[in-house]
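Architecture at a glance
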Amino acid sequence: MGSRMLRPIQIAPSILTADFGRLAEQVAAAEQAGADLIHLDVMDGRFVPNITFGPGVVAAVRAATTLPLDVHLMIEDPERYVDAFAQAGATGITVHLEATRHPHRAVQQIVEAGCRAGVALNPATPVEYLREISPFADLVLVMSVNPGYGGQRFIETSTSKLRRVRKLLDEFNPTCDLEVDGGVGPHNIGDVVRNGANVIVVGSAIYNKEGEIAENLARLRQAAGEG
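Notes on the structure follow. Computed from a prediction, not measured in an experiment: that's the story for all the values here. (Residues numbered from 1 in each chain as written. Predicted model: local features only at pLDDT ≥ 70, side-chain atom pairs only at ≥ 80, totals over all residues. Heavy atoms only, no water.)

Counting buried positions over the six residues of strand S2 (residues 38–43) gives six, a clear majority of the element. Note: S2 against strand S3 (residues 69–74), six bridges, orientation parallel. Each residue of the ladder has a partner; that of Leu40, found in S3, is Val71. Handedness of the β-α-β unit built from S2, helix H3 (residues 55–64) and S3 comes out right-handed. (Buried < 20%, exposed > 50% of the residue type's maximum accessible area, 1.4 Å probe, protein only. Helix = DSSP H or I, 4+ residues; strand = E, 2+ residues; numbered from the N terminus. Pairing = 2+ DSSP bridges. Right-handed = clockwise from strand over helix to strand, strands pointing away.)

What follows is the structure in structure tokens.
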């Protein structure tokens, strides 16, 4: 628990569930409401069964906010596009261990492009896959849904997986951030924080018709034990 105490909780609204017709406005509203970073899910229709957007949308979001941009590449052979996303304004770029044959090379490329390097695991990928790459990463992302679509239900075993990843990171890379993405809302954000996550990606619990962005963010912070 000791190492976790030093890490402030960061909430990263995911634009996947935002209104793309008012994207700049919704990103600015999240910044104004106290979001810590903006999460952008890039999907290629091959690695995951959905297509979202490319570097152009990242550049548009970059123009709309001063917050760090957390760009999550759910694409095959991500090395081909790292530089383009870095040039578009990404602060951090995360690649999937399942999507690249050479994770060390991908991480090195991200760092050389001037970005924070993240590595992501799908729900069924074992924690042990992180062991060799974790010392080189700035962030590890645990997917708590199968990637592809927003608004999915949280996979319950993800909390114990977070705990195991945090333990591994405390051994090999104690300063590394641990991010969780998928199905997180006020009902379970406290659990994921207690199990070691300090960067929380939230989509439909922030961008929805039930409440204003600022209200939703405040509710999440309170539920995370910060309010």
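Further notes follow.
Since one α-helical turn is 3.6 residues long, residues separated by three or four positions face the same way. Regarding helix H8 (residues 213–223), the residues found buried are Ile213, Asn216, Leu217, Leu220 and Arg221. Along the axis of H8, the buried residues cluster in a sector spanning 135°; they form a single face. Buried residues in H8 make contact with strand S1 (10–13), helix H2 (23–32), helix H7 (189–194) and strand S8 (199–202). A positive backbone phi angle near 90° is found at Gly225, which sits one or two residues after H8. (Arc of directions from axis to C-beta. Contact = heavy atoms within 4.5 Å.)

Inspection of the secondary structure assignment puts Thr125 in the loop between strand S5 (116–121) and strand S6 (139–143). Its relative accessible area of 11% is what places Thr125 among the buried residues. Excluding residues within four positions of it along the chain, Thr125 makes contact with Glu98 and Lys161.

Across all of its chains, the model carries seven salt bridges by this definition. Look at the salt bridges and you will find they share partners, linking Asp19, Arg22 and Glu25 into a network. (Salt bridge = Lys/Arg side-chain N within 4 Å of Asp/Glu carboxyl O.)

Another point: the sheet that holds S5. An order of S1-S8-S7-S6-S5-S4-S3-S2 is seen for the eight strands of this open sheet, with the pairing classed as parallel. Each edge of the open sheet carries a strand with a single partner, namely S1 and S2. Pairwise comparison of adjacent strand axes, ignoring direction, gives a mean angle of 25° for this sheet. The pairing of strand S7 (residues 177–181) with S8 spans three bridges and is parallel. By the bridge assignment for S8, Val180 is matched with Ile200. Running over the sheet, helix H6 (residues 158–172) touches S5, S6 and S7 and is turned about 165° from S7. (Axes fitted to C-alpha atoms, helices over the stretch in contact; angles between N-to-C directions.)

Attention now moves to the pairing of strand S4 (residues 92–96). The element S4 is extensively covered by neighbouring structure, given that five of its five residues are classed as buried. Burial of the side chains of S4 extends over both faces: Gly92, Thr94 and His96 are buried on one face and Ile93 and Val95 on the other. Here four bridges tie S3 to S4, and the two strands are oriented parallel to one another. Among the inter-strand pairings, His72 is bridged to a residue of S4, identified as Thr94.

All of the buried residues along H2 are Leu23, Gln26, Val27 and Ala30. Angular distribution of buried residues about the axis of H2 spans 100°; they occupy a single face of the element. Buried-residue contacts for H2 involve S1, S2, H3 and H8. Phi turns positive, to about 100°, at Gly34, one or two residues after H2.

Turning to the environment of Arg80, a few remarks are in order. Of note, Arg80 is situated in the loop between S3 and helix H4 (82–88). Each C-alpha atom of the pair Arg80 and Val127 lies 26 Å from the other, and the pair is 47 residues apart in sequence. A polar atom in the side chain of Arg80 sits 3.3 Å from the backbone oxygen of Glu76. (Polar contact = N/O pair within 3.5 Å; in protein donor to acceptor, adjacent residues only side chain to side chain.)

We now examine the packing of aromatic side chains. Going through the model one piece at a time under the given rule, you end up with one aromatic pair. When the centroid spacing of 6.0 Å and the interplanar angle of 40° are considered together, the rings of Phe20 and Phe53 count as tilted. Taken together, the residues span a long stretch of sequence, with Phe20 in the loop between S1 and H2 and Phe53 in the loop between S2 and H3 at a distance of 33 residues. Overall, Phe53 belongs to the buried group, its relative accessible area being 9%. (Phe/Tyr/Trp six-rings, centres within 6.5 Å; stacked < 30°, edge-to-face > 60°.)

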